[in-house]
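A structural walkthrough
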Amino acid sequence: MKKSAYNQFPEVRIDGFAGHAWQGWEAIARKVQAALSQNGKTVLVIDCYPGVRLDELQTRLVNKLCPLRAINVEDARHSEQHLHDLLASNLTDDRVFGVLSCHQLIEFFDAGKLAQMQHEVEEIEAGLVVVYGPGAALVHEGDVLVYADLARWEIQQRFRSGELGNWGTENQQEDILRRYKRAFFIEWRVFDRHKTPLLKRADFLLDTNQKESPTLVTGEALRHALQQTTRQPFRVVPFFDPGVWGGQWMKEKFDLDPSKPNYAWCFDCVPEENSLLLRVGDVRVEIPSQDLVLLYPRPLLGEKVHARFGAEFPIRFDFLDTVGGQNLSFQVHPLTEYIQQHFGMHYTQDESYYLLEAEPGAEVYLGTKTGISPQEMLNDLAAAQRGEKAFDDEKFVNRFPAHKHDHFLIPAGTVHCAGSGAMVLEISATPYIFTFKLWDWGRLGLDGLPRPVHLEHGQHVIDWQRDTEWATEHLINQFEPVAEGDGWREERTGLHEREFIETRRHWFSKPVLHDTQGGVNVLNLVEGSEALVDSPNNAFEPFVVHYAETFIVPAAVGEYRISPYGEGVGQQLATMKAWVRG
Ligand SMILES: O=P(O)(O)OC[C@H]1O[C@@H](O)[C@@H](O)[C@@H](O)[C@@H]1O
């Protein structure tokens with residue numbers, strides 16, 4: 001029996017545009033066929049995100065259209081070795097960290113072979129020519145343009161199953177961390193740059209997330225859907241992942257697959273990784289939520305946030321579950337200049353832990369103990385890393401008791417981790433892989449190998465001033481009352497002044513008015529069963545949220561109201577809200 005109201009598959013219902021989306025290869029082939037001109041010459045371009053199954057695309061769509069000539073653009077791609085040499089300084093030798101790429105996709109192709117393909121397409125005088133594959137639009141702009149898209153989470157599943165290597169390499173068997181690194185630091189950046197202008201003019205988007213069960217939506221409906229999304233609250237699709245320290249709370253509370261040993265992470269607001277489900281007529285189309293950020297950053301983020309971050313969603317909400325699990329790695333994140341100079345990322349991994357739940361005795365490790373010797377601690381960590389002894393955390397690191405609704409602020413440079421027994425809602429800046437593990441408690445990862453520790457990086461960024469008094473005074477439960485009204489009160493809870501995110505908690509049993517003030521808001525219902533988010537002037541459809549669901553309110557929304565709803569009526573509810581300080 002379903003215990004939880006938590007919605008694992010939130011959809012954005014699109015107004016109008018019924019008849020603009022199709023499900024299954026047969027309907028899709030018929031629709032694409034109908035869009036092609038029946039006289040003279042037509043060039044159909046099907047550009048793809050890397051990871052799209054080209055064999056399926058070819059047999060189920062391209063061949064069905066019976067083209068005079070079909071060209072796979074991958075035949076013009078540089079060799080694996082050439083790409084490797086080109087990318088060597090971005091790839092690095094490290095297992096986890098590369099350097100963000102500024103490459104353009106055209107650099108990955110052999111100019112002569114591309115020109116030959118272009119020439120070949122030019123020469124054809126009549127009939128259908130199909131150019132397909134990642135980068136196909138480099139050959140021809142297309143009389144009809146289809147973009148075959150794929151979400152990053154699905155790409156990761158294909159990496160894990162061994163089906164997929166990185167684009168342009170046969171490395172399906174390589175260490176998963178290294179494949180993820182190459183995708184994160186290079187491929188996804190380059191292909192996002194390439195796809196942005198294409199999505200602005202594509203005739204169709206082909207959703208290839210489900211094997212043998214694609215959907216197709218017109219470009220017009222897609223762009224309308226994304227614009228509509230920037231005018232209303234919405235959720236992206238959360239994904240859940242097991243980990244060595246993972247716990248049991250999410251499995252129980254969100255009705256997740258009970259056969260899995262644990263769940264560690266849930267990403268429920270990292271738009272560059274999550275999907276967005278669009279309900280167009282009776283068809284559910286899955287697209288990367290990053291498409292919304294790439295196409296409509298201004299109404300989504302607001303002017304100031306867009307000016308500062310570009311087409312990047314800067315706020316991350318995710319869950320870390322150690323209830324019935326173990327400590328996270330003892331870790332630290334790079335200071336701003338370090339992440340810029342070493343990894344090419346322009347802002348850093350500032351974090352905070354909001355406790356949704358805590359078992360008795362749960363603790364958060366935060367900052368070093370007053371009076372310790374930094375060199376001694378580094379020596380101890382190095383000895384632990386060499387396997388000579390366990391790191392003496394008791395001697396060097398503060399541990400603070402953690403209770404439900406506590407908020408711990410973690411500006412980059414502060415050593416930290418959540419201990420076991422904690423259900424953390426992370427309210428953080430979006431960077432999420434720049435974790436320098438300092439000590440992993442002598443355990444092995446889920447793959448049976450030690451997880452990578454980065455003491456060398458870590459020692460350059462630890463701020464040793466963040467000792468017991470400093471952490472107590474600046475980083476724990478910095479609650480300040482801000483305002484109150486009939487049936488509600490608002491508190492500021494953070495973050496620290498070195499972090500760009502502001503957080504407010506509202507306790508309420510009656511409606512509360514909010515305003516985006518021109519900047520994107522991210523919220524989570526941290527207490528209470530159910531609430532309704534609506535527009536005081538009926539500007540968007542009322543939106544229901546359940547306990548622990550994260551939702552995004554785009555900058556363009558302006559005023560909105562949150563009220564107890566359904567089972568939440570009569571309860572004391574609470575939301576946590578985050579935005580970028582002005
Ligand atoms: O997987 P480990 O290293 O234990 O860290 C778990 C998590 O810790 C948090 O503080 C963040 O840094 C996350 O990005 C990280 O995924």
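Conventions adopted
- In this convention, every chain numbers its residues from 1, walking through the sequence in written order.
- Per-residue local features are limited, in this predicted model, to residues with pLDDT of at least 70; the limit for side-chain atom pairs, both in listing and counting, is 80 or more; totals at the level of whole chains, interfaces and linings are taken over all residues.
- Side-chain figures throughout are based on the complete set of non-hydrogen atoms in the structure, without hydrogens or water.
- Each helix is a run of DSSP H or I of at least 4 residues and each strand a run of E of at least 2, with the numbering of both proceeding from the N terminus.
- Relative accessibility thresholds used throughout: buried, under 20% of the residue-type maximum; exposed, over 50%; partly exposed, between the two (1.4 Å probe, protein chains only).
- A single heavy atom is enough: if one lies within 4 Å of a molecule or strand, its residue is considered near that molecule or strand.
- Definition of a polar contact: a pair of N or O atoms within 3.5 Å, with one able to donate and the other able to accept a hydrogen when the atoms are protein atoms, and with sequence-neighbouring residues admitted only if both atoms are side-chain atoms.
- A 1.4 Å probe and the Shrake-Rupley method give the accessible areas. Residues count as covered only by the protein chains that appear here.
- Three residue categories are used. Nonpolar comprises Ala, Val, Leu, Ile, Met, Phe, Trp, Tyr, Cys and Pro, charged comprises Asp, Glu, Lys and Arg, and polar comprises the others, including Gly.
- Two strands qualify as a pair provided that DSSP identifies no fewer than 2 bridges between them.
- Lines fitted to the C-alpha atoms define the axes, with helices restricted to the stretch that makes contact. Angles between their N-to-C directions range from 0 to 180 degrees.
- Note that the term roughly parallel is reserved for angles under 35 degrees, roughly antiparallel for angles over 145, roughly perpendicular for angles of 65 to 115, and oblique for everything else.
- Any pair of residues with heavy atoms lying within 4.5 Å of one another is described as a contacting pair.
- In what follows, salt bridge is the name for a side-chain nitrogen of Lys or Arg lying within 4 Å of a carboxyl oxygen of Asp or Glu.
- Here a helix's expected span is defined as the number of its residues, less one, multiplied by 1.5 Å.
- Domain extents, as shown, originate in an automatic or database domain assignment.
- Throughout, the accessible surface (probe 1.4 Å) given up by two parts as they are put together, summed over both, is called the buried area.
- Directions pointing from the helix axis toward each C-beta atom define the arc.
- We call a set of buried residues a nonpolar core when its members are Ala, Val, Leu, Ile, Met, Phe, Trp, Tyr or Cys and they connect through side-chain atoms within 4.5 Å of each other.

**Some points on unusual backbone geometry**
In this model, Gly494 is joined to Leu495 through a cis peptide bond whose omega is -5°. Note on placement: Leu495 falls in the loop between strand 23 (488-494) and strand 24 (501-508). We note that Cys66 has phi near 45°; this positive angle belongs to a residue other than glycine. Take Cys66: its relative accessible area is 63%, and that puts it in the exposed class. In this structure, Glu212 takes a positive phi of about 60° despite not being glycine. Among the secondary structure elements, Glu212 is positioned in the loop between strand 7 (204-207) and strand 8 (215-218).

**Description of the site of the ligand**
By nearness alone, 16 residues border the ligand, and Ser329, Gln331, Tyr353, Lys437 and Arg451 come closest of all. A distance of 2.7 Å separates an oxygen atom of the ligand from a polar side-chain atom of Gln331. Here an oxygen atom of the ligand sits 2.7 Å away from a polar atom, N or O, in the side chain of Lys437. Considering the ligand on its own, with 390 Å² of exposed area, one finds that the protein chains cover 95% of that surface. Here the shell around the ligand is composed, by residue class, of six nonpolar, six polar and four charged.

**Remarks on the sheet that holds strand 28 (residues 543-546)**
Reading across from one edge, 25-30-27-28 is the order of the four strands in this open sheet, with antiparallel pairing throughout. Only two strands of the sheet have a single neighbouring strand rather than two, namely strand 25 (512-515) and strand 28. Direction aside, neighbouring strands of the sheet carry axes that sit 25° apart on average. Where strand 27 (residues 530-534) and strand 30 (residues 559-564) come together, four bridges link them in antiparallel fashion. From the neighbouring strand, Asp534 faces strand 30, where its bridge partner is Arg561.

**Regarding the packing of helix 3 (residues 80-91) against helix 6 (residues 176-201)**
Taken N-terminus to C-terminus, the directions of helix 3 and helix 6 make an angle of 90°; their axes are 11 Å apart at the nearest point. One finds that helix 3 runs roughly perpendicular with respect to helix 6. Packed against helix 3, whose contacting residues are Leu83, His84, Leu87, Asn90 and Leu91, the element helix 6 presents Lys181, Arg182 and Ile186 at the interface. When the residues that make up the contact of helix 3 with helix 6 are grouped by side-chain class, the tally is four nonpolar, two polar and two charged.

**Some remarks on the pattern of salt bridges**
For side chains bearing opposite charge, pairing can occur when the charged atoms are close. One pass over the structure, following the stated rule, counts 40 salt bridges. Lys260 is paired through a salt bridge with Asp257; the nearest N and O atoms lie 3.7 Å apart. A residue is classified by how much of its surface remains accessible, and Lys260, at 34% relative accessible area, is partly exposed. Here Glu502 makes a salt bridge to Arg581, at a shortest N to O gap of 2.6 Å. Taken as a pair, Glu502 in strand 24 and Arg581 in the segment after strand 31 (573-580) lie far apart in primary sequence, 79 residues in all. Overall, the relative accessible area of 6% leaves Glu502 in the buried class. Residues joined in a network through salt bridges with shared partners are Glu490, Arg492, Glu502, Arg504 and Arg581.

**Observations concerning the side chain of Thr414**
Positionally, Thr414 belongs in the loop between strand 18 (407-410) and strand 19 (416-418). A polar side-chain atom of Thr414 sits 2.6 Å from the main-chain carbonyl oxygen of Pro411. Among the polar contacts listed, one links the side chain of Thr414 to the side chain of Arg466, at a separation of 2.8 Å. What Thr414 contacts, discounting residues up to four positions off in sequence, is Gln331, Val332, Leu366, Gly367, Arg466 and Leu475.

**Remarks on helix 13 (residues 374-385)**
Under the 1.5 Å per step criterion, the end-to-end length of helix 13 is 16 Å for twelve residues, consistent within 8% with the ideal 16 Å. Residues Met377, Leu378, Asp380, Leu381, Ala383 and Ala384 constitute the buried set of helix 13. In the segment just after helix 13, Gly387 is the residue with positive phi, at about 85°.

**Observations concerning the domain arrangement of the protein**
The domain boundaries assigned to the protein delineate domain 1 (11-230), domain 2 (313-475) and domain 3 (480-580). Computed over C-alpha atoms, the centres of domain 1 and domain 2 are 38 Å apart. Between domain 1 and domain 2, the contact holds twelve residues from the first and 13 residues from the second. Taking both sides of the interface into account, the surface hidden between domain 1 and domain 2 amounts to around 1000 Å²; carbon and sulfur atoms contribute 68%. Taken together, the connections running from domain 1 to domain 2 amount to four residue pairs in polar contact (both at pLDDT 80 or more). With four residues, the top contributor of residues to the side of domain 1 that touches domain 2 is helix 6. Residues that form the side of domain 1 that touches domain 2 fall into these classes: eight nonpolar, one polar and three charged.

**A look at helix 4 (residues 111-123)**
Between its first and last C-alpha, helix 4 extends 18 Å over 13 residues, near the 18 Å set by a 1.5 Å rise per residue. Burial in helix 4 covers these residues: Leu114, Met117 and Val121. The arc that holds the buried residues of helix 4, viewed along the axis, is 60°, so those residues lie on one side. Exposed residues lying more than 90 degrees from the buried face of helix 4 are Ala111, Gln116, Glu122 and Glu123.

**A closer look at the sheet that holds strand 10 (residues 265-269)**
Read from one edge of the open sheet, six strands run 9-10-13-20-15-18, paired in antiparallel fashion. Strands at the two margins of the open sheet, each flanked by one partner only, are strand 9 (239-241) and strand 18. The average undirected angle you get between the axes of adjacent strands in this sheet is 20°. Across four bridges, the pairing between strand 15 (residues 351-358) and strand 18 is antiparallel.

**Overview of the nonpolar core**
The biggest cluster of nonpolar side chains holds 183 residues, and the ones touching the most others in it are Leu44, Ile46, Leu57, Met250, Phe313, Phe319 and Tyr353. For this core, the element with the most residues is helix 6, which contributes ten residues. In this structure, Leu57 is in contact with Trp25, Ile46, Cys48, Val62, Tyr132 and Leu206, ignoring residues within four places of it in sequence. In this structure, Val533, Phe540, Val545 and Tyr560 belong to the second largest nonpolar core, which totals 15 residues.

**Digging into the pairing of strand 24**
Burial within strand 24 is extensive, with eight of its eight residues counted as buried. Neither face of strand 24 is exposed, since Ile501, Thr503, Arg505 and Trp507 on one face and Glu502, Arg504, His506 and Phe508 on the opposite face are all buried. In the sheet, strand 23 pairs with strand 24 via six bridges, with the strands oriented antiparallel. Note on strand 24: the bridge partner recorded for Glu490 is His506. In this antiparallel pair of consecutive strands, strand 23 and strand 24, the connection spans six residues. The pairing of strand 24 with strand 31 spans eight bridges and is classified as antiparallel. Considered in strand 31, the bridge of Trp507 is made with Ala574.

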